[in-house]
Amino acid sequence: MKSNADIIAQKKFSKTFLIPKFRKLSAVGASPAVVHWFRSYLSDRTQSVRIDSVLSDPSLITHGVPQGAILSPLLFCIYLNDLPGTPQFCQLESYVDDSKVLLSFPVADVIDAKFKLEDDLRNVATWCCTNDLLINPEKTKFMLIGTKQMISKHSVNFTVSFIGKTLMPVESARDLGVYIDLHLTYDTHISHLVSSCLNKLVQINRVKYCFDRETLVLIITSLVFSKMLYCSTVWSNTSSKNIQKLQLIQNFACKIICGARKYDHVTPLLDELNWLPVSKMLKFRDAVMAYKCANNLAPEYLCAKLKKRSSIHNRTTRNNDKFEIPSFRSASGQRTFAYRAVSLWNMLDEDLRNATTVKAFKKAMKLVMNE
């Protein structure tokens, strides 16, 4: 039996913590019985710390979710579910606890954009305080993205105030493993990528005699190419100079596997390994992503960027399965995935576009690339 003091303390705890937080479960459609189950699941939990053989006294957990529990990621996503609706002018995108506030504006409205951005940042900070979450302004970065002419006019004087800290524009920032620069050239990303991949290949080259060819292919594919081609649909519109840097990485990997010398021609070796050159590999991966978008196998936000002509008009034509070409006036717009994927997809043969599975499409697409 609980004492009156324990009952009063439990009721106070429920009023101050449990009830406001569990309203988020009801907001996403959880029934009262499910909310009650989660309340029981998260309440009255304790934690202890063990150092060697010494165990601390149990301490009541009043915030957070159980670490390592299978339901914890889902509960965290539900907890942050209303965060994207906090900004009034900007768009907020989140991946777990990494959130970005985005605002596009013409050059003439730069002053108004500054006020809107600071206002929405205050709204986000207020939401975090209300929901017992902390923001680290030291790790918050501010970037202006645009052409060189646009950035040169405002990058020096454009600063943003956030929780008592003045944020100066940075030239590049890492977002989910990709380095974004202010001109979207991806020069910084390619530099980091080449350095990392080259370091791994040098280490593999030192021990290559310990492995057979099949094992070397597996190691290099897993440790080097998986990193080199990560998020390629985002940065594959980079300059030919950067593509050539990546081609040198592939050439080095090819010579390690085949045991070739430094100045040997690499084209026969690529054919021997059935590898596509980097430029063709990037187009191949763009085509695969376009196929997934055409068949609703990609995330919804990507599928929405590509619209088939059959969804625009009801006329039956031989081009119904092709994508509608987006209209971009600038060269920057024509470098985006939406434009590149449409142009590449519409050039493919009808039989290739109508492949029944992703595996069949990849196989047929690779044959086309090898021609």
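Please refer to the structure placed before this passage.
If you're wondering where the values come from, they're calculated on a predicted model, not measured in any experiment. (Residues numbered from 1 in each chain as written. Predicted model: local features only at pLDDT ≥ 70, side-chain atom pairs only at ≥ 80, totals over all residues. Heavy atoms only, no water.)

Engineer: Account for the side chain of R340, with residues named and values stated.
Structural biologist: For R340, the location among the structural elements is in helix 13 (residues 337-346). With sequence-adjacent residues up to four places away left out, R340 is seen in contact with T233, S236, N237, D286, Q334 and R335. (Helix = DSSP H or I, 4+ residues; strand = E, 2+ residues; numbered from the N terminus. Contact = heavy atoms within 4.5 Å.)

Engineer: Please provide a residue-by-residue account of the pairing of strand 6 (residues 98-102), values included.
Structural biologist: Taken together, the five bridges between strand 5 (residues 91-95) and strand 6 define a ladder with antiparallel strand orientation. The residue bridging Y95 from the neighbouring strand is D98, located in strand 6. What sits between the antiparallel neighbours strand 5 and strand 6 is a turn of two residues, in which V96 has the positive phi angle 55°. (Pairing = 2+ DSSP bridges.)

Engineer: Let's hear about the pattern of salt bridges: which residues, and what values?
Structural biologist: Per the stated rule, a full pass over the model turns up nine salt bridges. Across the pair D175 and K100 runs a salt bridge whose closest N-O atoms are separated by 3.4 Å. Taken together, the residues span a long stretch of sequence, with D175 in strand 9 (residues 172-175) and K100 in strand 6 at a distance of 75 residues. Of the residues examined, D175 reaches a relative accessible area of 22% and is grouped as partly exposed. A residue is classified by how much of its surface remains accessible, and K100, at 24% relative accessible area, is partly exposed. Put simply, R213 and E272 hold a salt bridge, and the shortest N to O gap is 2.6 Å. (Salt bridge = Lys/Arg side-chain N within 4 Å of Asp/Glu carboxyl O. Buried < 20%, exposed > 50% of the residue type's maximum accessible area, 1.4 Å probe, protein only.)

Engineer: A description of the nonpolar core should follow, citing residues and the corresponding values.
Structural biologist: In terms of nonpolar packing, the biggest core is built from 74 residues, with I220, M228 and F361 touching the most fellow members. With 11 residues, the top contributor of residues to this core is helix 11 (residues 278-294). When neighbours within four sequence positions are excluded, I220 is seen to be in contact with L201, I204, F225, A253, I256 and I257. Of all hydrophobic cores here, the second largest spans nine residues; its members include F38, L42, A69 and L75. (Core = buried A, V, L, I, M, F, W, Y, C linked by side-chain atoms within 4.5 Å.)

Engineer: I'd love a proper account of a nonpolar patch on the surface, names of residues and values included.
Structural biologist: Among the surface-exposed residues, Y95, V96, L176 and Y230 lie close enough to one another that they form a single nonpolar patch of about 390 Å² accessible area. Residue position: Y230 is located in the loop between helix 7 (213-228) and helix 8 (232-235). Taking the relative accessible area as the measure of exposure, Y230 reaches 37% and is therefore partly exposed. (Patch = residues over 30% accessible without salt bridge, like charges linked within 9 Å, V, L, I, M, F, W, Y side chains within 5 Å. Areas by Shrake-Rupley, 256 points an atom, 1.4 Å probe, with all protein chains shown as cover.)

Engineer: Can you explain the packing of helix 11 against helix 13? Please cite residues and give values.
Structural biologist: Two quantities define a packed helix pair, namely the angle between the helix axes and the distance between the axes. Interhelical geometry of helix 11 versus helix 13 gives an angle of 90° and a closest axis separation of 9 Å. With respect to helix 13, the axis of helix 11 lies roughly perpendicular. Within the contact between the two elements, helix 11 uses K283, D286, A287, M289, A290, Y291, C293 and A294 and helix 13 uses F337, R340, A341, L344 and W345. In the contact of helix 11 with helix 13, the residues fall into 10 nonpolar, no polar and three charged. (Axes fitted to C-alpha atoms, helices over the stretch in contact; angles between N-to-C directions. Parallel < 35°, antiparallel > 145°, perpendicular 65-115°, else oblique. Nonpolar A, V, L, I, M, F, W, Y, C, P; charged D, E, K, R; others polar.)

Engineer: Before we move on, can you summarise the pairing of strand 10 (residues 178-181) with the specific residues and values?
Structural biologist: Of the two faces of strand 10, the one lined by V178 and I180 and the one lined by Y179 and D181 are each fully buried. Sheet topology places strand 9 next to strand 10; four bridges connect them, and they run antiparallel. Bridge pairing in strand 10 places R174 opposite Y179. The turn joining strand 9 and strand 10, which pair antiparallel and follow one another in sequence, is formed by two residues; a positive phi near 55° is taken by L176.

Engineer: Quick one: what's the story with helix 11, residue by residue and with numbers?
Structural biologist: For helix 11, spanning 17 residues, the distance from its first C-alpha to its last is 24 Å, which sits close to the expected 24 Å at 1.5 Å a residue. In terms of residue burial, helix 11 counts as a mostly covered element, since 12 of its 17 residues are buried. Considered for burial, the residues of helix 11 that qualify are V278, M281, L282, F284, D286, A287, V288, M289, A290, Y291, C293 and A294. Among the residues trailing helix 11, N296 stands out with phi positive, at a value near 55°. (Expected span 1.5 Å × (residues − 1).)

Engineer: Tell me about the packing of aromatic side chains, and name the residues and values.
Structural biologist: For the structure shown, the criterion picks out nine aromatic pairs. For the ring pair F105 and F158, a centre distance of 6.2 Å and an interplane angle of 45° mean the geometry is tilted. Linking F105 in the loop between strand 6 and helix 4 (110-130) with F158 in the loop between helix 5 (148-154) and strand 7 (160-162), this pair joins segments that are 53 residues apart in sequence. F105 sits in the partly exposed class, given a relative accessible area of 28%. Its relative accessible area of 5% is what places F158 among the buried residues. Judged by centre distance (5.0 Å) and plane angle (80°), the ring pair of F225 and W275 falls under edge-to-face. Taken together, the residues span a long stretch of sequence, with F225 in helix 7 and W275 in the loop between helix 10 (267-273) and helix 11 at a distance of 50 residues. Residues F225 and W275 agree in their burial class; the two are buried. Through successive ring pairs, a cluster of aromatic residues spans Y291, F323, W345 and F361. For the cation-ring pair, K24 lies above Y79, with the distance from its terminal atom to the ring centre recorded as 5.1 Å. (Phe/Tyr/Trp six-rings, centres within 6.5 Å; stacked < 30°, edge-to-face > 60°. Lys NZ or Arg CZ within 6 Å of the ring centre and 35° of its normal.)

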